[in-house]
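Take a look at the letters that make up each chain.
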Amino acid sequence: MPIKKMIVTDFRNFKSQTLQFSDGINIFFGVNGAGKTSVLEALNFALTGRSFRTSNIKSTIRENADKTIVFVQASDKQKNVLYNIGVEKSFHATLMKLNNLDVSSFADLARILPVQVVEPSNLNLLEGAPEGRRRYLDWLVFHVEHEFSHQWKRYKNILKQRNSLLRRGKMEPLELDVWDTQLASYGEYISESRQKNLEELQPFFSKYLNIFGLASIGSTTFKYVKGWEMNSTLLESLKSSRENDIRKAHTKSGPHRSDIRIELSGKPAGEVLSRGQQKVFCVCMKLAQCDYLRLRSGKESVFLLDDIASELDSLNLEKVYESLQELNAQVLLTSIQAPDIPTSQIKRSNTVFHVEHGIISQKN
Ligand SMILES: Nc1ncnc2c1ncn2[C@@H]1O[C@H](COP(=O)(O)OP(=O)(O)O)[C@@H](O)[C@H]1O
Ligand SMILES: [Mg+2]
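Let me begin by describing the structure that accompanies this report. Only a predicted model underlies this, so the values are computations on that prediction, with no experimental measurement involved.

1. Description of the overall build of the protein chain
Inference 1: The helix and strand tally for the protein chain stands at ten helices and 15 strands.
Inference 2: On C-alpha atoms alone, the protein chain measures out to a radius of gyration of 22 Å, which is about the 21 Å that the 2.2 N^0.38 rule sets for 364 residues.
Inference 3: Expressed as lengths along the three principal axes of its C-alpha atoms, the size of the protein chain is roughly 70 × 55 × 40 Å.
Inference 4: Counting over 364 residues, the protein chain shows a buried share of 37%.
Inference 5: Partitioning the intrachain contacts of the protein chain with sequence separation of at least 6 by distance along the chain shows that 72% fall at a separation of at least 24.

Here's what the structure looks like:
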């Protein structure tokens, strides 16, 4: 489902900008500091409530302004539906609207339109912390399992309560039992959903590792690591690690500690692949989940590609563009150079924007 239009007000160095997108590829070029990444960031913020470069969303409010507003319009041609999404962030509040009605959580907006970000700092999924891999997998599970975000929210709440009880030190075992039962029930659901989707993703990984020539290096396996003892239920693990949890004042077992172990011919993929190959591998992981999502639910993703020409060689870049075209994914990409439209994209609708210190002008 393509995004037709975005209006950005007081976001980073943009005072007020209206952008009309094409369904294919949209290229933003301009010098460092012009505001290219901020365009992608604004779109990502409106659809997810997050920024991919800061956890402090308030820092996106333009200097001397008291709030930022981003409006996004997307159209689902098949269903003949128009989605008008509006998000307003001030220093003390966040307001979200969908077709003029108040929305209480960003999950309701994120569900409409899957957005996939590819930028330098998220191309280290292999060697980075487990949190990045968990977030990667949860992106998919969120989009395919309707219940997931609710269960995850409940899980995190209970985990917080259990941890604060542990920190207080004094507690009745019975009290802890109550939390453990609930934590285990949500935790098992989260774990099963992740595991199932990771398994179903495998053929899609293979497809892209093949396309990008990484399959010849060795056979790849993706294993879900639950975050507690392998052959126990979560409830059993919570019970057996209780003394230790009390001593450390936090909960050691659960899907908040899970991971994906990625191996190539039995060795950690990060040890086998060069830095450049690792980046290509991460791109394959992202393409694979969008391919799977499209097949399973019909949802087409929007790809935000920030400065990837400086990360990938031209052959791999061309393969990325071809794959995105196959996926019918709308693309917003940034580049320092005035762009050559990639050969494979000439036939796709495309729009080129020049970004200059907070002013964006359309070039075609
Ligand atoms: N809250 C803000 N208010 C005003 N300007 C900002 C704010 N945050 C960042 N900027 C400026 O916005 C510009 C946008 O940077 P960025 O989008 O990273 O540019 P590019 O990706 O083109 O290199 C930078 O010059 C930065 O100093
Ligand atoms: Mg940038």
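2. Section: the sheet that holds strand 6 (residues 94-98)
Inference 1: Taken in spatial order, the six strands of this open sheet run 2-1-4-5-6-7, and their pairing is antiparallel. Pairing within the sheet leaves two strands with one partner each, and these edge strands are strand 2 (14-20) and strand 7 (101-102).
Inference 2: Pairing geometry for strand 4 (residues 67-76) and strand 5 (residues 81-90), over ten bridges, is antiparallel. When the sheet's bridge partners are listed, Lys-67 is paired in strand 5 with Ser-90.
Inference 3: Contacts between helix 1 (residues 36-48) and the sheet are confined to strand 1 (3-11), strand 2, strand 4 and strand 5, with strand 4 contributing the most and set at about 75° to the helix.

3. Description of the nonpolar core
Inference 1: Residues Leu-43, Val-70 and Cys-284 are the most contacted members of the largest nonpolar core, which totals 87 residues.
Inference 2: Looking at this core element by element, the count peaks at eleven residues for helix 9 (residues 275-297).

4. Let's talk about the site of ligand 1
Inference 1: Near ligand 1 you find 16 residues, and of these Asn-13, Gly-33, Lys-36, Thr-37 and Ser-38 are the closest.
Inference 2: The greatest single-element share of the shell around ligand 1, amounting to three residues, is contributed by helix 1.
Inference 3: Residues that form the shell around ligand 1 fall into these classes: three nonpolar, nine polar and four charged.

5. Points about the environment of Asp-138
Inference 1: Here Asp-138 lies in helix 3 (residues 130-144).
Inference 2: Its 19 C-beta neighbours within 10 Å are what place Asp-138 among the partly exposed residues.
Inference 3: The spacing of Asp-138 and Ile-190 is 52 residues in sequence and 9.3 Å in space, taken between C-alpha atoms.

6. Section: the environment of Leu-98
Inference 1: As for its position among the elements, Leu-98 is in strand 6.
Inference 2: Look at Leu-98 and you get partly exposed, because 15 C-beta atoms sit within 10 Å.
Inference 3: C-alpha separation for the pair Leu-98 and Ser-164, spaced 66 residues apart in sequence, amounts to 36 Å.
Inference 4: For Leu-98, the residues in contact, after removing those within four places along its chain, are Tyr-83, Ile-85, Val-103, Asp-108 and Leu-109.

7. Some points on helix 9
Inference 1: In a regular helix each residue adds 1.5 Å, so 23 residues correspond to 33 Å; helix 9 covers 33 Å between its end C-alpha atoms and thus fits that length.
Inference 2: Backbone geometry just downstream of helix 9 places Gly-298 in the positive-phi region, at approximately 80°.

8. A closer look at the pairing of strand 12 (residues 302-305)
Inference 1: Burial along strand 12 is two-sided: the residues Val-302 and Leu-304 and Phe-303 and Leu-305 are all buried.
Inference 2: Pairing geometry for strand 8 (residues 115-118) and strand 12, over four bridges, is parallel. Bridge pairing in strand 12 links Gln-116 to Phe-303.
Inference 3: When strand 12 meets strand 13 (residues 330-335), the two strands line up parallel, connected through four bridges. The residue of strand 13 that forms the bridge with Leu-304 is Leu-332.

9. So, the packing of helix 3 against helix 9
Inference 1: Helix 9 packs onto helix 3 with a crossing angle of 10° between their chain directions and a minimal axis gap of 10 Å. Judged by the angle between their axes, helix 3 and helix 9 are roughly parallel. In this structure, helix 3 uses Tyr-136, Trp-139, Leu-140, His-143 and Val-144 to contact helix 9, whose residues at the interface are Met-285, Gln-289, Leu-293, Arg-296 and Ser-297.
Inference 2: For the contact of helix 3 with helix 9, the residue count by class is six nonpolar, three polar and one charged.

10. Focus on helix 1
Inference 1: With 13 residues, helix 1 ought to run about 18 Å at 1.5 Å a step, and its terminal C-alpha atoms sit 19 Å apart, in line with that.
Inference 2: Here helix 1 lies mainly inside the structure; twelve of its 13 residues are buried.

11. Focus: unusual backbone geometry
Inference 1: Non-glycine residue Asp-10 carries a positive phi angle of around 55°.
Inference 2: Positive phi, normally seen in glycine, also occurs at Ala-249, with a value near 60°.
Inference 3: Within the secondary structure layout, Ala-249 lies in the loop between helix 7 (242-248) and strand 10 (259-264).
Inference 4: On the basis of neighbour count, Ala-249 is assigned to the partly exposed category, with 13 C-beta atoms found within 10 Å.

How each quantity is defined
Residues numbered from 1 in each chain as written. Chains lettered and ligands numbered in written order. Predicted model: local features only at pLDDT ≥ 70, side-chain atom pairs only at ≥ 80, totals over all residues. Helix = DSSP H or I, 4+ residues; strand = E, 2+ residues; numbered from the N terminus. Rg over C-alpha atoms; globule rule 2.2 N^0.38 Å. Buried ≥ 20, exposed ≤ 12 C-beta atoms within 10 Å, placed from the backbone. Contact = placed C-beta atoms within 7 Å. Pairing = 2+ DSSP bridges. Axes fitted to C-alpha atoms, helices over the stretch in contact; angles between N-to-C directions. Core = buried A, V, L, I, M, F, W, Y, C linked by C-beta atoms within 7 Å. Near = placed C-beta within 6 Å. Nonpolar A, V, L, I, M, F, W, Y, C, P; charged D, E, K, R; others polar. Expected span 1.5 Å × (residues − 1). Parallel < 35°, antiparallel > 145°, perpendicular 65-115°, else oblique.

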